[in-house]
Amino acid sequence: MTQKNDLRRFVRVMVCLAVLLVVFFFVTLLTGSVKGPFAEIFDRENAIVADIRLPRALLSMIIGGALSVSGFLLQTYFKNPIAGPFVLGISSGAKMVVAILLFMSVYFSFQITSFGMIAAAFIGSMLVIFFLVIIARHIDGMGALLIAGIMTGYICNAVCDVIVTFFSDNDVVNLHNWTKGSFSGADISSVRVSFIIVMVCFVLVLCLSKPIEAIMLSESYAFTMGVNVKRLRFLIIIVSGVLSATAAAFAGPISFVGVAVPFLSTKLLKNTKPLFVIPVCFILGAFVCLVCDLIARTVFAPTELNISTVTAIIGAPVVIFMMITNRKR
């Protein structure tokens with residue numbers, strides 16, 4: 001009976017989130033400096049929708065889902081409810097290596113491809129992740145790991161500041177905008193590449209949902225169920241790194257989505273089964289990033305806010321509430 005109730009609640013939550021996502025997707029297409037009826041915008045100003053608003057909306061949803069699933073995987077690996085790409089400094093590591101690559105491309109005059117950006121962001125993400133894995137073995141407690149992640153983020157940001165010193169003014173502006181997080185540079189090519197990578201990772205995570213559920217109970221229980229714990233933990237780290245890297249490569253560091261959305265997903269579902277939580281995480285993350293991007297570009301239009309500014313305003317209170325409730329528990 002409990003399983004049927006969980007399934008019914010999962011279906012209701014997914015349907016509600018899907019409806020909200022579709023509604024706000026069309027609102028995003030219709031909202032901007034150029035206003036008019038839906039049919040007229042597609043007819044006369046087709047370039048605005050097809051070349052600017054549509055890729056931006058699609059990319060924000062893809063990246064939002066990627067960050068949320070990555071946060072869920074990191075929380076599972078570290079057994080820490082506030083582990084996430086931004087909080088643990090993983091996004092900062094990706095930013096640092098991408099900044100180094102951008103500097104090298106300017107200095108040596110070569111073109112960077114989308115896969116080059118993703119590869120650089122992946123290397124930066126994995127450097128920080130493996131560093132935190134080593135640190136986690138020598139420290140105890142949620143607070144200590146959080147501090148280690150924050151300090152790592154400060155180091156990576158400091159390296160970025162040093163690199164910025166050697167950039168020209170135009171390059172500094174572009175790098176500065178990217179490091180604050182933005183979907184403004186979205187195009188169909190970036191949407192296509194990010195969609196393929198994120199969907200492959202998402203399907204892989206769904207396939208691993210049963211072993212992940214076992215390891216969430218305990219590693220000894222997972223072992224008795226026939227799960228290769230070492231291989232599973234390695235896959236969790238690699239997939240979370242790829243998802244974080246894809247987000248950082250195409251949108252820059254985005255704060256708090258990877259921490260707040262998994263928490264909200266479990267609250268909506270009222271259970272922690274990965275087979276239910278992972279899809280809800282993805283669609284809720286897509287919705288949150290879509291709405292945050294809509295707020296970022298419309299509230300103070302024509303001035304555009306950084307996406308991390310909006311996600312921090314929304315996500316930080318959720319994280320504080322989560323820490324309070326976990327402390328009471």
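These numbers come from a predicted model, not from an experiment.

1. As for the packing of aromatic side chains
Scanning the model with the defined rule gives 6 aromatic pairs in all. For the ring pair Y77 and F78, a centre distance of 5.1 Å and an interplane angle of 75° mean the geometry is edge-to-face. There is no split in this pair, since Y77 and F78 are both buried. The interplanar angle of 45° and the centroid separation of 4.9 Å between the aromatic rings of F202 and F282 together place this pair among those described as tilted. Of this pair, F202 sits in helix α8 (residues 188-207) while F282 sits in helix α13 (residues 274-298), and the two are 80 residues apart along the sequence. Here F202 and F282 have matching classes, each one buried. Geometry around Y77 places R233 over its ring, the cationic atom sitting 4.1 Å from the centre.

2. Examining the environment of F122
Along the chain, F122 turns up in helix α5 (residues 114-136). In this structure, the C-alpha to C-alpha distance between F122 and I90, residues 32 residues apart in sequence, is 9.6 Å. Residues contacting F122, with those up to four places away along its chain left out, are I238, G241, V242 and A245.

3. Remarks on empty space enclosed by the protein
Taking a probe equal in size to a water molecule and rolling it over the atoms shows the remaining empty space. Per the counting criterion, the structure on display carries 1 cavity of 30 Å³ or more. Empty space within the largest cavity amounts to approximately 30 Å³. Looking at the largest cavity, the residues that line it are L67, G84, P85, F86, V87, I254, F256, V257, G258 and V259. With 3 residues, helix α12 (residues 257-269) is the largest single contributor of residues to the lining of the largest cavity. Taken together, the residues that form the lining of the largest cavity break down as 8 nonpolar, 2 polar and no charged.

4. A closer look at a nonpolar patch on the surface
A cluster of nonpolar residues, L7, V11, V15, V19, V23 and V27, forms a patch on the protein surface that exposes about 460 Å² of accessible area. What makes V27 partly exposed here is its relative accessible area of 31%.

5. Some thoughts on the nonpolar core
Core analysis: the largest hydrophobic core is formed by 93 residues, its most contacted members being I63, L73, F78, L132, L243 and I254. At 16 residues, α13 tops the list of elements feeding residues into this core. Those residues in contact with L132, other than ones at most four positions away along the chain, are F78, L88, I90, L145, A148, G149 and T152. Core analysis: the next-biggest nonpolar cluster, separate from the first, contains 9 residues, I82, V87, V259 and F263 among them.

Thresholds, definitions, all that
Residue numbers here run from 1 along each chain, matching the order of that chain's written sequence. Note on the predicted model: pLDDT of at least 70 is required for a residue's local features to be given, and 80 or more for side-chain atom pairs to be given and counted; whole-chain, interface and lining totals, by contrast, use all residues. To get the side-chain values, all heavy atoms of the structure are used, and hydrogens and water are removed first. Classification of ring pairs rests on two measures: the distance between centres of Phe, Tyr or Trp rings, Trp counted by its six-membered ring, which must be within 6.5 Å, and the angle between planes, read as stacked under 30 degrees, edge-to-face over 60 and tilted in between. Three labels apply to residues, based on accessible area from a 1.4 Å probe with only protein chains included: buried if under 20% of the type maximum, exposed if over 50%, partly exposed otherwise in between. Runs of E in the DSSP output that reach at least two residues are strands. Runs of H or I that reach at least four are helices, and both are numbered from the N terminus. Only when the NZ of Lys or the CZ of Arg is both within 6 Å of the ring centre and within 35 degrees of the ring normal is a charge said to sit over the ring. The criterion used for residue contact is that any of the two residues' heavy atoms lie within 4.5 Å. Here a cavity means grid points, on a 1 Å grid over the protein atoms only, where a 1.4 Å probe fits yet cannot get out; a pocket means an open set of points with protein on both sides within 12 Å along at least five of seven lines; lining residues are those with an atom within 4 Å of a point. Grid points are joined across faces, edges and corners, and a volume is the space filled by probe spheres set on the points. Charged residues are taken to be Asp, Glu, Lys and Arg, nonpolar residues to be Ala, Val, Leu, Ile, Met, Phe, Trp, Tyr, Cys and Pro, and polar residues to be all remaining types, Gly included. Each patch is built from residues lacking any salt bridge and having more than 30% relative accessible area; the joining distance is 9 Å for like charges and 5 Å for nonpolar side chains (Val, Leu, Ile, Met, Phe, Trp, Tyr). Reported accessibility uses the Shrake-Rupley method at a 1.4 Å probe radius. Residues are deemed covered only where the shown protein chains occlude them. We define a salt bridge as a contact between a side-chain nitrogen of Lys or Arg and a carboxyl oxygen of Asp or Glu at a distance within 4 Å. Buried Ala, Val, Leu, Ile, Met, Phe, Trp, Tyr and Cys residues that are joined via side-chain atoms within 4.5 Å together make up what is termed a nonpolar core.

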